[in-house]
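Here are the chains, one letter per residue:
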Amino acid sequence: MAKKSESKDHFEIHDYTDEKSPDTSDLKDGKKPVGTDENVDADSEEIKPAEEAAVNDDMPEPGVPAKSETTAPKAGLHHSAWGWVKTHKKVAIPAAVLVVLAVIAAVPFTRYFFAGMVVRKDFTVTIVDSQTNKPVTSASVTLAGKKAVTDSQGKAKLHVNVGSAQLTLSKKYYKDKSASVLVAFTQKQPYTVEFEATGRPVQIVVVNKVSNKPAANVTISAENTQAITDSKGEATLVVPADKATVKATLSGPGYNKADATLKVTASIDPANKFTITPAGKLYFLSNASGTLDVVKSDLDGQNRQLVLPGTGKEDKVSTVLLASRDWKYVALLSKRDGGDNAKLFLIETATDKLTTMDEGDATFSPYGWSGSHFVYGVERTKVNLWQPKRQALKSYDASTGAIASIDQTTADGDSQFNYRTERIDNVFILDKEVVYTKTWQYNGPFAPDGRQATFNSSQADGSQHKVVKGYPLSTLYYLYVSVNPGDFNEIYIRYTQSDSTPKYDSYQGGKLTASDLTDEQFNNNDYHTFIVSPSGNKTFWTEFRDGKNVFFVGDGSGKNGKQLPGSSDDYAAYGWYSDDYLLVTKKSSEMYIMPVDGLPGGVQVAPKVSDYYKPNYLLRGYGYGYGG
């Protein structure tokens, strides 16, 4: 229980909830039992002489048999311990210490006095506004020299020595308070204090601008004071009462800073409901200036900035911008210098630094991101068809700047009319794995001579390369790779043997098996492009149903899809920003953003990020990066 006396600015608390009432079982003739406060000197660890004499009277001398249990006087803890000490001389000193500690532990004052030298415990304080009963956040709390600040729940926890201590509380526009408290061995519930405001309590609500949900842990700062929103996005900030409005700043982990104007009123007012935008930058192409620029903006489209101005020499058809899943890197394919061939560039979004990834007399084909590796194809324009290394499959590690060669083609012959040449086609990224086909083309009298077309696998860094299966050219009629419209990360291979009957293999999870697909299933172009979230734990895709696009979010395997509210034939899936937000496009020229669980009004009410330029470039089956 707590006994409380309080004045206007000071109050004292005496907490006895952790103490036990003295044991009175040994009271005789009105005397207090051994071990109570009167028998122990609070400033000494020794038992008083009078008590020691009383103990010795009941203890047998060494070598003398102890009295029988029926005739011996009743002995408490001190009698029993002292007898044990006297019969065990070799450990008499340590035992005596134990006796002293036992006495100390039995006395409330000395227990905390001595334990406080070595024992520390948590002490939790909760502060609420005396008028609104709302938590008082960002208040300063000092206890036994330790300092803390109350959180969004108005709580502060301090780890201090047990025993009596002075607690002081303060915050601007509130009356300071102090208290003498007992930091006990256990605290069953927080120590609650009501704070009296000297200014005007303003009730504020903050919501996430993208999701329209409460924004927690947002700090509202104004007039040299601040408050933090709770899980409902609510906070109470006390400001000077003599002002009609005050300027404020909103900030918090995972959010951009925002300015606001508070209406100084004690009542709930819609004017004090504010929005805050999640932190992050989106990169996209724009030709609003007349040239094809790379620009960036906040997630709500604000703070638009020019990252890389166009030169006016870009090819609007072939320019491609692809962001990695974590948006740390952006790959750009562009003819910025107006040459015959485009170059591959890297933009590091932390600094907007521009680096040339690859260039030369070649045509580059971007395939997408696998982690920090950008996978792309190279076809060297000055290497003849009958010469080796005309084609290559490469990756660029954006974290190190290293280029890895995944594979390249071979060839032989003596002219453009007499040769055999390999081709790399059907490249797909399956997370860290890259799969592709290699086939042969013939011109002139060359015969297949037992060569094979192959289905291949490699890690994105070029390691663990293997031929999954070979298909003899003497019987091969057609080899093709397609994404299964029903399953995630599954590749179909169609081939025809000498009887001209098409057959199929399925590749998924590193395993290739024969499949009973039909031609109709294989040639179905209505496959889903599963766009994978940065963590890899979620997927996002579009299905065409009843003439409209319907959005789904599923698990990391493209399963258990949950349909999002609303549908439209104007919108299509584009990408992710973190695992919390989805990016969609409208008519391939407008970008929108919405929360991962959609919006009650559907995609049609999603906040617009920006108009942008999207070239007519299709990445078939691509889902491990965002853009196009």
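Just so you know, these numbers come straight off a predicted model, no measurement behind them.

1. Concerning the overall build of the chain
Right, so step 1: Looking only at helices and strands, the chain has five helices and 45 strands in total.
Right, so step 2: Residues classed as buried in the chain amount to 46% of the 628 residues present.
Right, so step 3: Restricting to contacts in the chain with at least 6 residues of sequence separation, those with at least 24 account for 47%.
Right, so step 4: Per element, the accessible surface of the chain, about 31300 Å² overall, is 49% carbon and sulfur.

2. Let's talk about the side chain of R494
Right, so step 1: Take R494: it is sitting in strand β34 (residues 491-496).
Right, so step 2: Of the residues examined, R494 reaches a relative accessible area of 13% and is grouped as buried.
Right, so step 3: A distance of 3.3 Å separates a polar atom in the side chain of R494 from a polar atom in the side chain of Y504.

3. Observations regarding the nonpolar core
Right, so step 1: By size, the foremost hydrophobic cluster in this structure holds 43 residues, and its most contacted members are L282, V294 and F540.
Right, so step 2: A139, L143, A165 and V238 belong to the second largest nonpolar core, which has 24 residues in total.

4. Brief notes about the pattern of salt bridges
Right, so step 1: Taken as a whole, this structure holds 25 salt bridges when the rule is applied.
Right, so step 2: Of the charged contacts in the structure, one is a salt bridge between K243 and E223, with a shortest N-O distance of 3.0 Å. Remark: E223 occurs in the loop between β11 (219-222) and β12 (225-228) and K243 occurs in the loop between β13 (234-239) and β14 (245-251); sequence separation between them is 20 residues.
Right, so step 3: Looking at K243, the relative accessible area reads 35%, which means it is partly exposed.
Right, so step 4: Overall, E223 belongs to the partly exposed group, its relative accessible area being 25%.
Right, so step 5: By sharing partners, the salt bridges in this structure join E379, R390, R423 and D425 into a single network.

5. Section: the packing of aromatic side chains
Right, so step 1: Scanning the model with the defined rule gives 18 aromatic pairs in all.
Right, so step 2: Ring geometry for F488 versus F530: centroids 5.4 Å apart, planes at 85°, classification edge-to-face. In this pair, F488 sits in the loop between β33 (480-483) and β34 while F530 sits in the loop between α5 (519-522) and β37 (531-532), placing the two residues 42 residues apart along the sequence. For the pair shown, F488 and F530 are each scored as buried.
Right, so step 3: Taking NZ or CZ as reference, K172 lies 5.1 Å from the ring centre of Y173, over its face.

6. Section: the sheet that holds β37
Right, so step 1: Strand order in the open sheet formed by four strands is β37-β38-β39-β40, and the pairing between neighbours is antiparallel. Both outer strands of the open sheet, β37 and β40 (562-568), are each paired with one neighbouring strand and no more.
Right, so step 2: In terms of strand pairing, strand β39 (residues 548-555) meets β40 through four bridges, oriented antiparallel. Its bridge partner being in β40, N549 is matched across the sheet by S568.

7. Some remarks on the sheet that holds β14
Right, so step 1: Here we have four strands laid out as an open sheet, ordered β12-β11-β14-β15, and antiparallel in their pairing. Each having just a single partner strand, β12 and β15 (258-263) make up the two edges of the open sheet. When the angles between neighbouring strand axes are averaged without regard to direction, this sheet yields 30°.
Right, so step 2: Looking at chain direction, β11 and β14 are connected through three bridges and run antiparallel. Within β14, the residue paired with S221 across the bridge is T249.

8. A word on the pairing of strand β38 (residues 538-545)
Right, so step 1: In the sheet, β37 pairs with β38 via two bridges, with the strands oriented antiparallel. Counted as the bridge partner of V532 is T539 from β38.
Right, so step 2: What sits between the antiparallel neighbours β37 and β38 is a turn of five residues, in which G536 has the positive phi angle 85°.
Right, so step 3: The pairing of β38 with β39 spans eight bridges and is antiparallel. What sits directly across from F544, in β39, is N549.

9. Some thoughts on the environment of A244
Right, so step 1: Looking at the secondary structure, you find A244 in the loop between β13 and β14.
Right, so step 2: The spacing of A244 and V264 is 20 residues in sequence and 5.2 Å in space, taken between C-alpha atoms.
Right, so step 3: The residues contacting A244, other than those within four sequence positions of it, are L262, K263 and V264.

10. Remarks on unusual backbone geometry
Right, so step 1: Phi angles above zero are rare outside glycine, and E223 is one such case at about 50°.
Right, so step 2: A positive phi is found at S588, a non-glycine position, where the angle reads about 55°.
Right, so step 3: Tracing the backbone shows S588 in the loop between β42 (581-586) and β43 (590-595).

11. Some words on the pairing of strand β22 (residues 343-348)
Right, so step 1: Bridge count for strand β21 (residues 329-334) against β22 is six bridges, and the pairing is antiparallel. The residue bridging L332 from the neighbouring strand is F345, located in β22.
Right, so step 2: Pairing geometry for β22 and strand β23 (residues 353-358), over five bridges, is antiparallel. What sits directly across from L344, in β23, is D358.
Right, so step 3: Where β22 hands over to β23, the hairpin turn is made up of four residues, of which D352 adopts a positive phi near 65°.

12. A look at the environment of T229
Right, so step 1: Among the secondary structure elements, T229 is positioned in the loop between β12 and β13.
Right, so step 2: Only 2.9 Å separates the side chain of T229 from the backbone nitrogen of V218, close enough to count as a polar contact.

Conventions and cut-offs
- Residues numbered from 1 in each chain as written.
- Predicted model: local features only at pLDDT ≥ 70, side-chain atom pairs only at ≥ 80, totals over all residues.
- Heavy atoms only, no water.
- Helix = DSSP H or I, 4+ residues; strand = E, 2+ residues; numbered from the N terminus.
- Buried < 20%, exposed > 50% of the residue type's maximum accessible area, 1.4 Å probe, protein only.
- Contact = heavy atoms within 4.5 Å.
- Areas by Shrake-Rupley, 256 points an atom, 1.4 Å probe, with all protein chains shown as cover.
- Polar contact = N/O pair within 3.5 Å; in protein donor to acceptor, adjacent residues only side chain to side chain.
- Core = buried A, V, L, I, M, F, W, Y, C linked by side-chain atoms within 4.5 Å.
- Salt bridge = Lys/Arg side-chain N within 4 Å of Asp/Glu carboxyl O.
- Phe/Tyr/Trp six-rings, centres within 6.5 Å; stacked < 30°, edge-to-face > 60°.
- Lys NZ or Arg CZ within 6 Å of the ring centre and 35° of its normal.
- Pairing = 2+ DSSP bridges.
- Axes fitted to C-alpha atoms, helices over the stretch in contact; angles between N-to-C directions.

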